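Summary of structural features
Each chain, written out:
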Amino acid sequence: MNKIITIVCSCIFFLQHLSAQTLTDKDRKTIDALMSKMTIEEKIGQLNQLDFGMDVTGPTISKDVEQKIKDGKVGSLLNAYTPAVVRKLQDIAVKETRLHIPLLFGNDIIHGHQTIFPVPLAMSCTWDMPLIERCAQIAANEASADGLNWTFSPMVDITRDPRWGRVVEGSGEDPYLGSRIAEAMVKGYQGSNLRSDTSILACVKHFALYGAAEAGRDYNTVDMSRLRMYQYYFPPYKAAVDAGAATVMTSFNEVDGIPASGNKWLMDTVLRKQWGFKGFVVTDYAAINEMTPHGLGDLKDNVVRAMNAGVDMDMVGEGYLSYLKESLQPGKVTMQQIENACRRILEAKAMLGLLDDPYRFCNDERAATVNLATNHRQVAREAAARACVLLKNANNILPLQENKTIALIGPLADDKKNLIGSWHDYGDWKNAVSVLEGIRNQQGNNVRVLYAKGCNLVEDDHTIKVLNESGEGLEKDSRSIQTMLDEALNIVDKADIIVAVLGEAKGMTGEAASRGDIDIPENQKDLLKALVKTGKPVVLVLMNGRPLTLSWENDHVSAILETWFGGLEAGNAIADVLFGKYNPSGKLTQCFPLTMGQIPVYYNHKHTGRPFNDTSLEKYKSRYFDIPNAPLYTFGYGLSYTTFNYSNITVGPSQLKGNQKMKASVIITNTGKYAGEETVQLYITDTVASVTRSVKDLKGFKKIFLQPGESKEVTFEITTEDLKFYNEKLEYIWEPGEFIIHIGTNSNELKSAKIVWASP
Ligand code: BGC
C-alpha cells in the first residue's frame, strides 16, 4: 500500500513539475510570431531588467525607467509593486511599445510579502517542510495579488561562517536539509501550475558558492575544490532546479577565478548541461559591471563574457543594452545566443500567462483580501513558535509560571522594527507584535509584567552611523546608560524572574552586513551581566539573524531561547513558547561556535590525518591548545520542555549487497512531563572511501509528536542512494564497504550501528 502511495505521489510531483514548466503549443506559436517581428534592439530590450526603486537593494539606481520601457528597452523591473504601480508600468509596456510585450515584475520576497514570516534561517530550524512550503505559498499568494510575478528566492547558499551577514537568508550549513528546503520553497512559490493567479516564478540564488566568501566578508573571494562544490555546496541549487525552479540568479563572487556572471563552466556546463536547467538566468545586481573591479577588463568585454557564459538577463547594469548589439559584428557573440536568451524570457512570461493577460497579477480586490489575512498571520505565528530553539533550560525554569512577577527587560522587549528582520520590502513593522504586547495579549492579568528597556540596542556611535547609512533609523535613548540600567534594576527588585530580550539590530544581518565580532553588542552584554549579578534567575530571549558566540551567556544565565527574527507575529509566538502554550521543537541548522577562533566550524567536517577527540592532551593532533574543537551548540541541537529517550538502534539487514535496502529504527519515549515534538535525525558515516569523507552526513529526518510517557518507533529506509558521494572524477557513486548508521536528537548525541554493504 505504502509503495502505491509513494508511486502515486511521485507521479503527482512529476506532473506538477511538468505542468509548471510546460509551454502550450499556443504559447510557442505566440513566441515564434513575436520573435519573427522583433528587431535586434527589441530582443536585447527583453534581456534588460531595471530597478524602479521602491526599495533600495543595491548601489546602482536606474534612470529614465518609464522612457526606456516605452522605447522597448526593458523586459523586467524589480522593486515595483502594488497593483496601481504595476498596472501603470505594465500599461506603458503593453500600450505604448510596438509589440506590446508585458514586463516581468520581480522582487525580493524572501520571508513573506506583507505577512512577514520568520527569517529563512529561522524557518530552516523548524525542519518542517510542509510549513516552509505553506509560507512560500502564502508569500506568493500575497505578492501575486500586489502585481508581482517573480521572487528572488529561495536563497540556498550553504554557509559555514556566521560572520557573513547573509546567513540569515539561507538554511544553514547542511546540503541535505538545504536541498529539502529548496524544493519545498520552489513548490510553494510556483505551485502546481504557474498559470494559477497565486503562483509566481522562483529564482534560486546565488549560483554559486556565495556563502563561502572568505572570512565571512560579503562579496569576498571564494576559492574551493570542485569536490567540495559538488559534495557540499551544489546540492541545494540542484535540488531547486530539479524541483522546477524557473529562474536562477548568478552570484557576485568568483568561482575558479572567474566571476559567476561570466563563468561558462558554471552556467553552461554545470547548470544547463549537467543539470538540464531550461529556464533563464538573471545576474545579481549589476554583477556584469562588477566584473570590472574584479579585474576582468571593461564592461564591453564582460558583456561578451556573460552572454557567452549563458546569462540571459542583466539586472540593472544595462551592459547588455549598451554593448550587446555592437558585439555581434566582430562575432564576439552570436545572434543565436541573443535569440536563445530572449526566447527563454518570453517563455517565462508565457508560462505565467502574461502573454494572454498582462494584468493578471494586478488585483486590487484580492490584494486587499489576502494581504495580512488572519489565516496568514496564524501561520506566521505558528512558524515563529516552531522556529524557536531552546538552547538551555537549567532546572526547567521554562515554561514560565503564571503566578509570578516578570521583569521583562531589554531593547528588543518592546521592539517591532527589528523583529521582522532584513528583506521585508513590502512588510510593515507597524503590523508587528512585540514580546511585551505578545505576553499581554496572551496572559492579560494572569501575570504581572514589569518592563524596562535597560539599554540601547547599540551604543557604539560608529556602528549606529554605519547602520543608519543604510536606513536602519537607530536612535539612542535620551536617558543616560546609568539611568536606563537603574530603571531596569529597580524593577528586577520587584520581580521573581528576569526575561531579558537581547540580540542584534536587524541591519546587523542581511546583505553587506558582515560582522567581525558575533557577540551580542557589548552594551547589551553589560546589561545582562548586571541582571545576572542580582542573583535572580535570568531567561535570555535572543533575537538575531546568525549564530552568535554565547559561551558567557551559556555559563551564566538559566535559560536561553533563540527566537531569531521571528516576523510580524514574533511577540505572540514567543509568549506562546515562554508560557508553554507551545513546547519548543526547533533544531539548529548551523553550529554556534564556542569562540570566533573556531570559525568555520560545522558538523560534517572531515577527519584529518590526526583526528582529535576533544579530551586527550596529545600534542600532535588537529586541535587548538586553548579551546576545544567542538562548537558550543552543534548542528541539529535544540531542547524541549520535555525529554526524549532514544533506545539503541536496530538495523536490518546489517550485511547487504548491491541494490538491497535496509531499515534502521529506534524507539523514542517521551520521558518528561509535557507533550512535545522531536526531530529524529539520521546520519551516515562512510568509514573507508576512495576520497576522504565527512565524519558523518545528514541523510534523513522525521518529526514525531509524543504525549508524556508515550513511545514511538521511528524507522528510516536506507538505500544505496543514501551512500552516494562525488568521487575524484566527480561521478556521483557509492562504494561498497563498512558504514555507520546513526540516529539521534542532534548531530552529536547519536545511537550508532555498523553495517557492511557489499558490491552486487
Ligand atoms: C542581492 C540579491 C537580490 C538583488 C535584488 C542583490 O544585491 O544580492 O540577493 O535579489 O540584489 O534586490
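- Per an unreviewed UniProt entry, the recorded name for the protein chain is Periplasmic beta-glucosidase, and the organism is Pinibacter aurantiacus.
- For the protein chain, the Catalytic activity (unreviewed entry) comment in UniProt is given as "Hydrolysis of terminal, non-reducing beta-D-glucosyl residues with release of beta-D-glucose."
- Taken directly from UniProt, the Sequence similarities (unreviewed entry) text for the protein chain runs: "Belongs to the glycosyl hydrolase 3 family."

A look at the overall build of the protein chain
- Helices and strands together make up the secondary structure of the protein chain, namely 23 helices and 27 strands.
- Relative to the globule expectation of 27 Å for 760 residues, the C-alpha radius of gyration of the protein chain, 26 Å, shows essentially globular dimensions.
- Taken along the three principal axes of its C-alpha coordinates, the protein chain extends 75 × 70 × 55 Å.
- Buried residues in the protein chain amount to 61% of all 760 residues.
- Entry remark: accessible area of the protein chain is about 28,900 Å², with carbon and sulfur atoms responsible for 50%.
- One way to put it: in the protein chain the 82 positive side-chain charges average out to a point 4 Å from where the 91 negative ones average out.

Examining a negative patch on the surface
- Taken together, the side chains of Asp460, Asp517, Glu522 and Asp526 present a region of like negative charge at the surface.
- By relative accessible area, which is 45% here, Asp526 ends up partly exposed.

Structural notes on the pattern of salt bridges
- Counted according to the given criterion, the structure contains 48 salt bridges.
- Glu41 is the partner of Lys325 in a salt bridge, and the nearest nitrogen-oxygen pair spans 2.7 Å. On the criterion of sequence distance, the pair formed by Lys325 in the loop between helix H14 (319–323) and helix H15 (335–351) and Glu41 in helix H3 (residues 40–46) is long-range, its members being 284 residues apart.
- For Lys325, a relative accessible area of 41% puts it in the partly exposed group.
- For Glu437, the salt bridge is made with Lys416, and the minimal N-O distance between the two is 3.0 Å. Of this pair, Glu437 sits in helix H18 (residues 435–443) while Lys416 is found in the loop between strand S12 (405–409) and H18, placing the two residues 21 residues apart along the sequence.
- Put simply, Lys26, Asp27, Arg195 and Asp356 are held in one network by salt bridges that share partners.

Points about the site of the ligand
- The ligand sits among 13 residues. The nearest are Asp108, Arg166, His206, Asp284 and Glu511.
- Within the contact set of the ligand, an oxygen atom lies 2.7 Å away from a side-chain nitrogen or oxygen of Arg166.
- At a separation of 2.8 Å, an oxygen atom of the ligand approaches a polar side-chain atom of Glu511.
- Notes on the ligand: free accessible area 310 Å², of which the protein chains cover 100%.
- Across the shell around the ligand, the residue classes tally to 6 nonpolar, 2 polar and 5 charged.

Structural notes on helix H13 (residues 299–309)
- When H13 is considered as a whole, its buried residues turn out to be Leu299, Asn302, Val303, Val304, Ala306, Met307 and Ala309.
- Taken together, the buried residues of H13 touch helix H11 (264–274), helix H12 (291–294), H14 and H15.
- Looking one or two places after H13, you find Gly310, whose phi comes out positive at around 105°.

Quick word on the UniProt feature "domain: Fibronectin type III-like" (unreviewed entry) in the protein chain
- In this numbering, the UniProt entry assigns the feature "domain: Fibronectin type III-like" (unreviewed entry) to residues 678–747.
- Across residues 678–747 one finds 0% helix and 56% strand; the C-alpha atoms that close the span lie 14 Å apart.

Here's the deal with the sheet that holds S12
- The strand order across the open sheet formed by 6 strands is S11-S16-S15-S14-S12-S13, and the pairing between neighbours is mixed. The open sheet is flanked by strand S11 (389–393) and strand S13 (448–452), the only strands paired with a single partner. Within this sheet the neighbouring strands show an average axis-to-axis angle of 15°, counted without direction.
- Pairing between strand S15 (residues 538–543) and strand S16 (residues 559–562): 4 bridges, direction parallel. From the neighbouring strand, Val541 faces S16, where its bridge partner is Leu561.
- The strands touched by helix H20 (residues 481–493) are S12, S13 and strand S14 (497–503); relative to S12, the strand with the most contacts, the crossing angle is about 165°.
- Running over the sheet, helix H21 (residues 522–533) touches S12, S14 and S15 and is turned about 170° from S14.

Topic: the nonpolar core
- Counting 218 residues, the largest nonpolar core has Phe207, Phe234, Trp564 and Leu578 as its most contacted members.
- At 9 residues, helix H7 (residues 129–145) tops the list of elements feeding residues into this core.
- When residues no more than four places from it in sequence are discounted, the contact partners of Phe234 are Phe207, Ala208, Leu209, Met229, Trp265, Leu266, Val270 and Trp275.
- Residues Tyr646, Ile704, Ile718 and Trp734 belong to the second largest nonpolar core, which totals 24 residues.

Overview of H18
- The set of residues buried in H18 consists of Val435, Leu436, Gly438, Ile439, Gln442 and Gln443. Looking straight down H18, one finds that the buried residues subtend no more than 165° of arc, so they occupy a single side.
- Contacts made by the buried residues of H18 are with helix H17 (374–387), S12, S13, S14, S15 and helix H23 (570–578).
- Two residues or fewer after H18 comes Gly444, characterised by a positive phi angle close to 50°.

Quick notes on the sheet that holds strand S2 (residues 76–78)
- The strand order across the open sheet formed by 5 strands is S4-S3-S2-S1-S10, and the pairing between neighbours is parallel. Lying at the two open borders of the sheet, with one neighbouring strand each, are strand S4 (150–151) and strand S10 (314–315).
- Where strand S1 (residues 48–51) and S10 come together, 2 bridges link them in parallel fashion. By the bridge assignment for S10, Gln49 is matched with Met315.

Topic: the confidence of the model for the protein chain
- Put simply, the protein chain has an average pLDDT of 95, and 97% of its residues get 70 or more.
- Between residues 1–20, whose pLDDT stays under 50, and residues either more than four places distant or in other chains, the model counts 13 contacts.

Calculation notes
Residues numbered from 1 in each chain as written. Predicted model: local features only at pLDDT ≥ 70, side-chain atom pairs only at ≥ 80, totals over all residues. Heavy atoms only, no water. UniProt positions renumbered as here; feature names shortened; annotations may be inferred. Helix = DSSP H or I, 4+ residues; strand = E, 2+ residues; numbered from the N terminus. Rg over C-alpha atoms; globule rule 2.2 N^0.38 Å. Buried < 20%, exposed > 50% of the residue type's maximum accessible area, 1.4 Å probe, protein only. Areas by Shrake-Rupley, 256 points an atom, 1.4 Å probe, with all protein chains shown as cover. Lys, Arg positive; Asp, Glu negative; His and termini not counted. Charge placed at Lys NZ, Arg CZ, Asp CG, Glu CD. Patch = residues over 30% accessible without salt bridge, like charges linked within 9 Å, V, L, I, M, F, W, Y side chains within 5 Å. Salt bridge = Lys/Arg side-chain N within 4 Å of Asp/Glu carboxyl O. Near = heavy atom within 4 Å. Polar contact = N/O pair within 3.5 Å; in protein donor to acceptor, adjacent residues only side chain to side chain. Nonpolar A, V, L, I, M, F, W, Y, C, P; charged D, E, K, R; others polar. Contact = heavy atoms within 4.5 Å. Pairing = 2+ DSSP bridges. Axes fitted to C-alpha atoms, helices over the stretch in contact; angles between N-to-C directions. Core = buried A, V, L, I, M, F, W, Y, C linked by side-chain atoms within 4.5 Å. Arc of directions from axis to C-beta. pLDDT = per-residue confidence, 0-100.

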